[in-house]
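Summary of the model geometry
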Amino acid sequence: MATLVDGPDALTGGKDTPNPEAVVVRFAGDSGDGMQLTGGQFTLSTALAGNDLATFPDFPAEIRAPQGTLFGVSAFQINFGSTEIDTAGDQPDVLVAMNPAALKTNVGALKVGGLIIADTGEFNKRNLEKAKYEVNPLEDGSLEKWQLLAFDISALTLEAVKPFGLGNKEALRCKNMWTLGLALWMFDRDRQPLIDWLNAKFGKNPVLAEANVAALNAGHAYGETAELAGPLKQYHIAPVESEPGLYRTVTGAEAISLGLVAGAQLAELPMFFGGYPITPASAILHNLARLKEYGVTTFQAEDEIAAIASAIGASYAGQLGVTSSSGPGIALKGEAMGLAIMTELPLVIVNSQRGGPSTGLPTKTEQSDLYQAVYGRNGDAPMPVIAARSPSDCFEVAIEAVRIAVQYMTPVMVLTDGYIANAAEPWKVPDPASIKPFPAKFLGEKNGPNGELLPFARDEKGARPWIKPGTPSLMHRIGGIEKNPGTGNIDYSPASHQIMTDARRDKVDGVANTIPLQEVVHGETSGKLVVVGWGSTYGPIYQAVRRARRKGLDVSHVHVRHIWPMPSNLGDLLKGYDKVLVPEMNTGQFKTVLRDQFLIDAQPLNKTSGQPFTIAEIEEAIVAALGGDVGGEVDADKTQLPSIKSVNP
Amino acid sequence: MNEMTKIAVQTTLKDWETDQEVRWCPGCGDYAILKAVQRTLPELGADPANTVFVSGIGCSSRFPYYIESYGFHTIHGRAPAFATGIKLANPDLDVWLVTGDGDGMSIGGNHTMHILRRNVNVQILLFNNEIYGLTKGQFSPTSREGTNSPTSPLGSVDRPALPCAFALGSGARFIARAYDVSKNLSAVLKAAHAHKGASFVEIFQNCIVYNKDRFDDFVAKGVADQNQLWLTDGEPMLFGSEKSGGVRGIALDMETLSLKVVDVVDGDWQAAGVIVHNVKNRALAHMLVEMPFGPFPMALGVIYDDPRPTYETVLLGQDEQARKGKDANLAKLLGKGQTWTVSGTAADPI
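Residues numbered from 1 in each chain as written. Chains lettered and ligands numbered in written order. Predicted model: local features only at pLDDT ≥ 70, side-chain atom pairs only at ≥ 80, totals over all residues. Heavy atoms only, no water.

Looking only at helices and strands, chain A features 21 helices and 22 strands. Here the C-alpha atoms of chain A give a radius of gyration of 27 Å, agreeing with the 26 Å that 2.2 N^0.38 yields for 649 residues. With respect to the three principal axes, the spread of C-alpha positions in chain A is 90 × 60 × 50 Å. Every one of the 649 residues in chain A was classed for burial, and the buried ones make up 64%. Total accessible area on chain A is roughly 23200 Å²; 51% of this is exposed by carbon and sulfur atoms. If the 55 positive side-chain charges of chain A are averaged to one point and the 72 negative ones to another, these points end up 4 Å apart. (Helix = DSSP H or I, 4+ residues; strand = E, 2+ residues; numbered from the N terminus. Rg over C-alpha atoms; globule rule 2.2 N^0.38 Å. Buried < 20%, exposed > 50% of the residue type's maximum accessible area, 1.4 Å probe, protein only. Areas by Shrake-Rupley, 256 points an atom, 1.4 Å probe, with all protein chains shown as cover. Lys, Arg positive; Asp, Glu negative; His and termini not counted. Charge placed at Lys NZ, Arg CZ, Asp CG, Glu CD.)

So, in C-alpha cells, the structure goes:
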C-alpha cells in the first residue's frame, strides 16, 4: 500500500505538511447509524475525485443489533490515494467513532498518531457501560498515542436541522450526513453530487432532504472553522494516474451480475437465474431481478435445492441456467451439481464464500469452500472452478464461467467471497464489442454415423451435444443413472462406467487447453520465493510482494484464477522457485491441492479471523520465508482489524 | 401456454413406446399406468417432440425412460423444481411430472407444495403404493399406521399423509384420484391435461412385491361397486347398485356440517339429499379429500378443477411488461450509474 509519505503525522501535522499519497479512513458506529451508507457515499465522492480506492464494509450479521452494544458496531473502511490501491488498507489513519462501542472495537486498529473523531454526545454513562468502559476514554488519557478530536456531533447536528422541525430521533439520524460533510471538507471534496443524491433519495420527503443537506453543509462548515484551532487539517489527494477511459465504481456482486448478463449475451442465450436468499450472495439475485430486458428470468425458489434444480431444468430446456449461494446453500446444492455433471448440462454456480462451517460467520469473509468446490460431491464428479480476485475481476470471471459451461457442457463454479461481494473499487468500463462471442450451438438433427441419435457423442472438446426439448425427431431420455457412452441409455455395465467416468474427467481436464497459461503478476518466472494466491488475497499479496521487492527481496507473485483445472504450465512454473508460500483465508486448502497436483513443498500462511489479510502480515511471512522461516498461522491477536468477537467474547 | 401454437399430432400408442426394456417387477401396477398414459397421449393429439416427462427417484420415476418423448430422470424429490425451470424456460413444452409417495410426499414434499402453490402448468402424477419399493419395502409417508416393514418391525406409528388433502392445502387448483388398472384412468388423465395449471393426480398403484393388493378393499372385483365413488361434475354423488346391495349417495349433514352416506330409494337421490358434484366448489373438495375410507367409499375421479392463471403466464408476462420500451444495450448497462472519464492523467468528473 502506498502509505502516508511523511509518516503518521502527515494527516495531523501543521499546515505545511505535504499531502499524503494515500489515506485510510474508517467510519464506525452503531448498526443503525447509517455507516454503510456514509461509507458508500464517501466512496462515490472519492471515485469522482479521481482517486484509486478499495473499501471494506464490515457489519454485524444482525439487522439491527441492540443499540450501543459492542456486537452491534458497523464499520466501513476506505483506502484511497493518488497511487494504485489494492487493499482496504492495513491501519486506518482516521477513525470516525460515533459511539463508545465503535471506539472500543476499532481504535486498536488505528495507526499510532492517527486521528480519532468522536461524538461526545454519545459518550454518556449508558453507552459507556454498554461498551464496557469504566471511565470515559475520551477523558482518561488512554487515547494518548492518537490525536483526538472529540466534540458533540449529536448536538451540532440537532442544531443544524432545528429549522426543519424533525423529531429528536429523526433529527439525530442526520448525524451521519453531518459526519460525511466533515469528511468531505477534510479531503477537499465537492459536495454537489451528494446533495443531488440526497435530493433524489428523499424526493418524496423534501423536508428530510433539506435537513440532511443542512447537516452535510454544517459538518463541512465545521471543518472550515475548526481548522483554525484543532488538529483537523484539510488535504487534497491528487487523482491517480489511470488509463484513459470511462470509469465507475463496482462491487463484486454487481460485477458478477453484469458479467453473467454479458456472458449470456456472448453465448446468445437467454439467462435463467434460480436463487434463494442468503448472505452475502443475495445481492446478485437482487441485481439480476432488475435486468429483465437483457433476456434474464429470475426465480426465487423455495430453497437452495430448488434454486439449482430449476436452473438445471432451464439449461435442459435451452437457456443458460445460473444459481448462486454461499457455503451452506452450496452444500445443499451438491446433489444437483452431480446431476448436472452426470447429464452434462451447462450451469454456472456462484459461491460468495463466508466464514464456516455451518452458519459460521454470515457477514464475514473466508476462502474455506475451496475443497467443497473442487471435491465436495459424491462420486468422481469433476467440475471446473474459477475464482475472482477483486470486485471488478468478477466481471471477466463470470464471462469465463459462462464460456466454459457452454463450450464444455458442464457446471462451473465461480468462487468469490463476502469481501469481494461487498467491496467496491473503480472499474474501467469495458467495451462489450471487444469481447469475443462464443455462441451456443444446439443439435438440430440426428448425429450418429448411421442416422441415429447419439446424445452422448462427443466433440473435440469432449462435450456432448446440447439438445433442446421441442426439437423434432431428437426425443431422448437423460438422467442421473450411469449411461451408455453414445446413446445415453441406462447402462451400468463395468465398461460403460469406466468409459463415462474417464470421459467426464478428461473433458474437465481438457478445459486447461482453452484457458490462458499462468502468468506472473509481479517478479520473475523463477527465484527464491513465490507467493501463490487465489481469490481476494490478491490485493494484500500484490502490495506485500511489491514492498518486499523494493527492499531487494527475491520474491514473485503468482495469482491463480483457474483453480480447477489449473493452467497447464502452473506446476512447472512453481517448480522454478525454491520456496512456495500460499496465503489463504482458510486452514490451507489450495496449498494442499497444489501439493497434491504438483508434489511441491507449498507452505501455508493461514488466517481465519473473518477479516482480510493485511499487507504487513504477508510481508512479514515473506521476510520470514526468505530468512529460513516459513509462514505459519497468523496470530489472531495480531490481526489489525480485530473481529468484534475478539474483544467481546 | 400459447394455445395458438399447439397443433394436434397424429400418433398411436406404438409411437410412445421406447426401445428400452421395461424394468418394473412383473405384475407391478406401473405397467398399467404406463399403458394408460401411452394410450391417452395420442387421444390428446400430443406431439412427442414437444412433450417432456420429468421424474424424481423411485420405481415410478423410471417412467420417462419408457415414453418416447423427451425425458429427464432427475434427483430424489426435486422433479417439481426441475419442471418449474423447464416451464419457465419454454412454456410451450407439455410437461408431465411422475412421482411417488416417497419422492413426492416425503423427500420432495416441499417442492410438491411449491409447484402447486405457484400453479405451474404441468400434470403431476403421484403413484401412491403406500410403500418404498426401490429401497425394498420400508414404510412410506402414506403407509397406514401399523405397517410392518424392515424399518418398522413393530408396526409403523407415523400417521399417514393424505396426498390430495396436502395438495389442496398447498393451493392446488386441480385434484383427481384414480388407480392403476381403472378403466377411468385415461379420462382422469385427459381432464388433468385439459386443466391449465398444476394438475395433481393421485394414482393408487399396486406394489406386487412389498405391499401386494393394499387397495383391494376398494379395487377388488366384487367390492369396487360398493366402495368407489366416481365423481362427475354436475352429477349426483352416487355409488353402489341394486345388484350389489343398494344405491347409496353422499349427502351433507346440515347439523354437523359434515358428509354422510344416505340410502337412495327407487333412484330418488334428490329426496335422499345427495349432493351434486361441483368441481369448482373448494369447500366440498376439502370434505371429499378428507372423507375417510371405510365409513365412506373412496372418492375417485376429478375432485376439484377450478383454473386460475398459471405461474409461467403471470411471471413471464410481468417480465415482458418490464422489458417493454427498454433496449438491451449492454454497453449502456455497463456504464450505468455515476461515472467519470479519465483523459490523459487528469480525472474529469462528469
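Having seen the model, we can carry on.
Predicted coordinates in areas of low pLDDT are best not read in detail. Residue and element names in this part refer to chain A. Taken as a whole, chain A shows an average pLDDT of 91; of its residues, 93% reach a score of 70 or greater. pLDDT under 50 marks residues 12–16. Its contacts with residues more than four places away, or in other chains, come to ten contacts. Counting interchain partners and residues more than four positions distant, the pLDDT-below-50 stretch residues 637–649 has 30 contacts. (pLDDT = per-residue confidence, 0-100. Contact = heavy atoms within 4.5 Å.)

So, about the sheet that holds strand β15 (residues 477–479) of chain A. Taken in spatial order, the nine strands of this open sheet run β15(A)-β2(B)-β1(B)-β3(B)-β4(B)-β6(B)-β5(B)-β11(B)-β7(B), and their pairing is mixed. Of all strands in the sheet, those bounded by a partner on one side alone are β15 of chain A together with β7 (228–231) of chain B. Adjacent strand axes in the sheet meet at a mean angle of 20° when their direction is disregarded. Pairing of strand β4 (residues 122–128) of chain B with strand β6 (residues 199–204) of chain B, which is carried by six bridges, proceeds in the parallel orientation. Among the inter-strand pairings, Ile124 of chain B is bridged to a residue of β6 of chain B, identified as Phe200 of chain B. Contacts between helix α1 (residues 29–43) of chain B and the sheet are confined to β1 (51–55), β3 (94–100), β4 and β6 of chain B, with β4 of chain B contributing the most and set at about 160° to the helix. (Pairing = 2+ DSSP bridges. Axes fitted to C-alpha atoms, helices over the stretch in contact; angles between N-to-C directions.)

Turning to helix α6 (residues 175–186) of chain A, a few remarks are in order. Residues and elements named next belong to chain A. Between the first and last C-alpha of α6 there are 17 Å, a value that for twelve residues agrees with the 16 Å anticipated at 1.5 Å per step. Across the twelve residues of α6, twelve count as buried, placing the element largely inside the fold. For α6, the set of buried residues is Lys175, Asn176, Met177, Trp178, Thr179, Leu180, Gly181, Leu182, Ala183, Leu184, Trp185 and Met186. Immediately downstream of α6, the backbone of Asp188 shows phi near 55°, a positive value. (Expected span 1.5 Å × (residues − 1).)

All names here are of chain A. Summarising burial for strand β21 (residues 602–606): five of the five residues are buried, a large majority. Where strand β20 (residues 577–584) meets β21, five bridges bridge the pair, whose relative direction is parallel. What sits directly across from Glu584, in β21, is Asn606. Regarding topology, helix α19 (residues 589–598) serves as the crossover connection from β20 to the parallel β21, and that connection is right-handed. (Right-handed = clockwise from strand over helix to strand, strands pointing away.)

Attention shifts here to the interface of chain B and chain A. Taken together, the 60 residues of chain B in the interface contact 74 residues of chain A. Summed over both partners, the interface of chain B with chain A comes to about 5500 Å²; 64% of that surface belongs to carbon and sulfur atoms. For the chain B face of the interface with chain A, the top three residues by lost area are Tyr70, Leu334 and Trp340 of chain B, together amounting to 16%. For the pair chain B and chain A, the number of links is three salt bridges. Of the charged contacts in the structure, one is a salt bridge between Lys292 of chain A and Asp319 of chain B, with a shortest N-O distance of 3.5 Å. The interface formed by chain B and chain A holds 23 residue pairs in polar contact (both at pLDDT 80 or more) in total. No other element matches the seven residues that helix α2 (residues 79–89) of chain B contributes to the side of chain B that touches chain A. Where strand β7 (residues 245–251) of chain A lies against strand β12 (residues 339–343) of chain B, four bridges are found, and the strand directions are antiparallel. Residue pairing in the sheet places Gly245 of chain A in a bridge with Val342 of chain B of β12 of chain B. (Buried area = accessible area lost by both parts, 1.4 Å probe. Salt bridge = Lys/Arg side-chain N within 4 Å of Asp/Glu carboxyl O. Polar contact = N/O pair within 3.5 Å; in protein donor to acceptor, adjacent residues only side chain to side chain.)

With respect to the helices, strands and loops of the structure, Ser352 of chain A is situated in strand β11 (residues 347–353). Those residues within four positions of Ser352 of chain A in sequence are excluded, and the remaining contacts are Pro280, Ala281, Ile284, Ser325, Ser326, Thr416 and Asp417 of chain A.

Turning to the confidence of the model for chain B, a few remarks are in order. Residue-level pLDDT values for chain B average 94, and 96% of them are 70 or greater. In this model residues 345–350 of chain B is a low-confidence stretch, pLDDT under 50, and it forms 14 contacts with partners more than four residues away in sequence or in other chains.

Residue and element names in this part refer to chain A. The interhelical angle for the contact between helix α17 (residues 538–550) and helix α20 (residues 615–626), taken along N-to-C directions, is 50°, at an axis separation of 8 Å. Here α17 lies oblique to α20, going by the angle between them. When you trace α17 past α20, the crossing you get is right-handed. Here Pro540, Ile541, Gln543, Ala544, Val545, Arg547 and Ala548 of α17 lie close against α20, whose contacting residues are Ile615, Ile618, Glu619 and Ile622. A class-by-class count of the residues in the contact of α17 with α20 yields eight nonpolar, one polar and two charged. (Parallel < 35°, antiparallel > 145°, perpendicular 65-115°, else oblique. Left-handed = near helix turned anticlockwise from the far one by under 90°. Nonpolar A, V, L, I, M, F, W, Y, C, P; charged D, E, K, R; others polar.)

Turning to the pairing of strand β11 (residues 298–305) of chain B, a few remarks are in order. Residue and element names in this part refer to chain B. Of all eight residues in β11, eight are buried, a share of seventy percent or more. As paired strands, strand β5 (residues 174–179) and β11 are joined by four bridges and run antiparallel to one another. Bridging across to β11, Phe174 finds its partner in Asp305. In terms of strand pairing, β7 meets β11 through four bridges, oriented parallel. From the neighbouring strand, Leu231 faces β11, where its bridge partner is Gly301.

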